[in-house]
Amino acid sequence: MDRRRRAAERGGSRLKFQRLRDSHPPIAGSPLEAIAPPPEAEEEGIEAAAHLTDLTCPASWYPAARMMRRRIIAHMGPTNSGKTHAALLELKAAASGVYCGPLRLLAWEVAEKLNADNVPCNLITGQERRTVPGASHAACTVEMASVTRGVEVAVVDEVQMLGDGSRGHAFTRALLGLPAATLHLCGDAAALPLLRQLVADAGDTLEVRTYERLLPLVPQSAALTSLKSVRRGDCVVAFSRRDVHAIKRVIDTHGAHQACIVYGALPAEARTQQATLFNAPRTGFNVMAASDAVGMGLNLNIRRVIFSSMEKFDGTSFRPLTPPEVKQIAGRAGRFGSRYSCGQVTCLNDADMAYLHACLGAENPALERACLFPRYQQLALFAEQHPDLNLPDALEQFADRATLSDHFFFSDYEAMHKLALMLRHLPLPLRDAYTFAISPADPDDPIVSSALLSFATAYSQRGTVSAALAQSVPVRPARNEAELASLEAAYAVLDLYVWLSHRLEDGFPGRTAAMQQRAAVAGLVEEALPRILADPEAISKRCASDTVASYFHHCKFLLCSLAVDILASGRNNN
Ligand SMILES: Nc1ncnc2c1ncn2[C@@H]1O[C@H](COP(=O)(O)OP(=O)(O)OP(=O)(O)O)[C@@H](O)[C@H]1O
Ligand SMILES: [Mg+2]
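Everything quoted here is computed from the prediction, not taken from an experiment.

### Describing the sheet that holds strand β9 (residues 217–219)
For sheets, the rule is that strands pair by backbone hydrogen bonds, running either parallel or antiparallel. The six strands lie next to each other as β9-β16-β13-β10-β12-β11, forming an open sheet whose pairing is parallel. Only two strands of the sheet have a single partner each, and these edge strands are β9 and β11 (259–262). Going from strand to strand, the sheet's axes swing by 20° on average, the running direction of each strand aside. Together, β10 (234–237), β11 and β12 (287–290) form the strand contacts of helix α9 (residues 241–254), whose direction differs from that of β11 by roughly 175°.

### Concerning the sheet that holds strand β1 (residues 71–76)
If you trace the eight strands from one edge of the open sheet to the other, you get β4-β3-β5-β2-β6-β7-β1-β8, paired in mixed fashion. Single-partner strands in this sheet number two, and they are β4 (129–130) and β8 (205–210). Across five bridges, the pairing between strand β2 (residues 97–101) and strand β5 (residues 137–141) is parallel. When the bridges of β5 are listed, G101 appears paired with T141. Its contacts with the sheet place helix α5 (residues 83–93) against β1, β2, β5, β6 (151–156), β7 (180–187) and β8, and it is angled at close to 165° to β7.

### Structural notes on the packing of helix α14 (residues 391–401) against helix α15 (residues 414–423)
With their axes 8 Å apart at the nearest point, α14 and α15 run at an angle of 150° to one another. The pairing of α14 with α15 is recorded here as roughly antiparallel in orientation. Contacts between α14 and α15 involve L391, P392, L395 and E396 on the former and, on the latter, M416, H417, A420 and L421. In terms of residue class, the contact of α14 with α15 is made up of six nonpolar, one polar and one charged.

### Let's talk about helix α8 (residues 192–202)
For α8, the full list of buried residues reads L192, L194, L195, L198, V199 and A202. For α8, the buried positions fall inside an angular range of 150° around the axis, keeping them on one side.

### Notes on helix α6 (residues 104–116)
Taking 1.5 Å of rise per residue, 13 residues should cover 18 Å, and α6 covers 18 Å from first to last C-alpha, within 8% of that figure. Among all positions in α6, only R104, L105, L106, A107, W108, V110, A111 and L114 are buried.

### Observations regarding unusual backbone geometry
A positive phi angle is found at N80, which is not glycine, with a value near 60°. Mapped onto the fold, N80 is located in the loop between β1 and α5. Its relative accessible area of 7% is what places N80 among the buried residues. Phi at N118 is positive, roughly 65°, even though this residue is not glycine. Following the sequence through the fold, N118 ends up in the loop between α6 and β3 (121–124).

### What about the confidence of the model for the protein chain?
Across the protein chain, the average pLDDT comes to 85, with 83% of residues at 70 or higher. Of the regions scoring below 50 in pLDDT, residues 1–46 engages in 73 contacts with residues more than four places distant in sequence or in other chains. Predicted confidence is poor over residues 533–574, with pLDDT under 50, and the contacts of this stretch with residues over four places away or in other chains come to 71 contacts.

### Points about the environment of R335
Turning to its location among the elements, R335 is positioned in the loop between α11 (323–330) and β16 (343–347). For the pair R335 and L300, spaced 35 residues apart in sequence, the C-alpha to C-alpha distance is 7.2 Å. Setting aside its immediate chain neighbours within four residues, R335 contacts N80, L215, N299, L300, I302 and Y340.

Cut-offs applied
Residues numbered from 1 in each chain as written. Chains lettered and ligands numbered in written order. Predicted model: local features only at pLDDT ≥ 70, side-chain atom pairs only at ≥ 80, totals over all residues. Heavy atoms only, no water. Pairing = 2+ DSSP bridges. Helix = DSSP H or I, 4+ residues; strand = E, 2+ residues; numbered from the N terminus. Axes fitted to C-alpha atoms, helices over the stretch in contact; angles between N-to-C directions. Contact = heavy atoms within 4.5 Å. Parallel < 35°, antiparallel > 145°, perpendicular 65-115°, else oblique. Nonpolar A, V, L, I, M, F, W, Y, C, P; charged D, E, K, R; others polar. Buried < 20%, exposed > 50% of the residue type's maximum accessible area, 1.4 Å probe, protein only. Arc of directions from axis to C-beta. Expected span 1.5 Å × (residues − 1). pLDDT = per-residue confidence, 0-100.

Take a look at the structure:
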């Protein structure tokens, strides 16, 4: 792999890391410094290090899968074309199997479906382990997939995510490493050339099945222009928690409809509750305001998707949505088996319509490279050879030296690096420091990251962390959006405790208490959502402008400042 190309591609984040490093020099006594230096001569050390950072043949990392001649079936097609349905039929019919999906909600849904059809199925996600007596099947989030336990059938859903910069490596691992006699890969056809390459690397055979959309998706010619015009079955999509709430307020204020809300920071239980409210007839909640989190996973009775904007904040600046993103989100309308026989899609603003049509008509560009991240053992050996480095520096140096084949790229490890940097002063064994660093804590969320720091500090000092430490904010019913945000943060902290308790069992013995508390917080969020009243000040501001459409269209600077705000307040809003 061309090292220079990778260096150029990583230029932005390398600079950022350099700055971080300059302001935080390595601390003596850091976990990696505690490891004794190897006895090799310098030359041998360099050679061994080069070998350790050689990631050119990841297929060889998975002996169990390599011992099999796997039959791989790619189910390729647009959204709502029955790909997952077809693969699940084969999973159900198998004597043993595993479903690997990108989201907890998808894993939940599949486990429920299989159990309802009398196929006992366990649920395994980062935060949940639900075992069913006699189960030979499991539904899991892709990160939890076992690469050692052989099964008859495995399914990797939304496999095009192997091109995702931060989570893609888990899909690559599943594809190369699942020891399944038959492996079903479901996703967009743009991934097919890359899948062919990976399947060839693994020495397996590939069969391709193509699918067409089950119900039509019709782009409208006119924009909605005002949220007053929303109708039953509409889903207005925005790209931050704050905008989702703003849209809900405006819809509720007009009085004709009440809106359900769905966004990533909402507890999974509350998302399911909102989806159920929206799907059921005669609840009064027949419109939805959602972030792009709606693009994957929930089966919703959406008749029409309305884009409130065609731009999203990517952590640095606003960028246009890509055609695959637009199609993924738009594809939620007119789901087969829902109340509507045809899906529609439009925008709130006239000015966005041309771009919407262009995206829907565009071919998805073929994925060229799959995301890759080394195994823990590789990092640990590398760290052992560089005892002067702490975990964040070892990560950086590993990434710098790593060699990859042309059809792979090194994963974005910025979140992990930030957490490792935050914890580097703690006297933690490498394995534990690594576990804390790969936890789902959002490093840009001040509440969750400070909770992680408290957990890791207590763990390094006392060896055990009480669940009481996970109670980050007072838990009481939310009366407004700000209090709702506090509950969401409380949920995220308890969720983090539960996640850690599955990996450091002795250190985090309060899982049951944390789970009870988490369920209580989720209950409070669910209770609060239908009755969170509109903030009168915000409404009067919005109603003062002609329409919300013009509000969004003419005040891009406001959206920018909102996004900066969001970043500053550290919430992960999508
Ligand atoms: N042959 C079928 N019989 C009954 N229901 C079906 C059939 N095919 C698909 N469905 C239903 O249609 C809906 C969409 O199917 P599915 O989820 O498999 O689509 P998909 O192509 O995987 O979409 P996405 O890319 O959005 O995940 C689901 O509710 C599924 O259960
Ligand atoms: Mg699917």
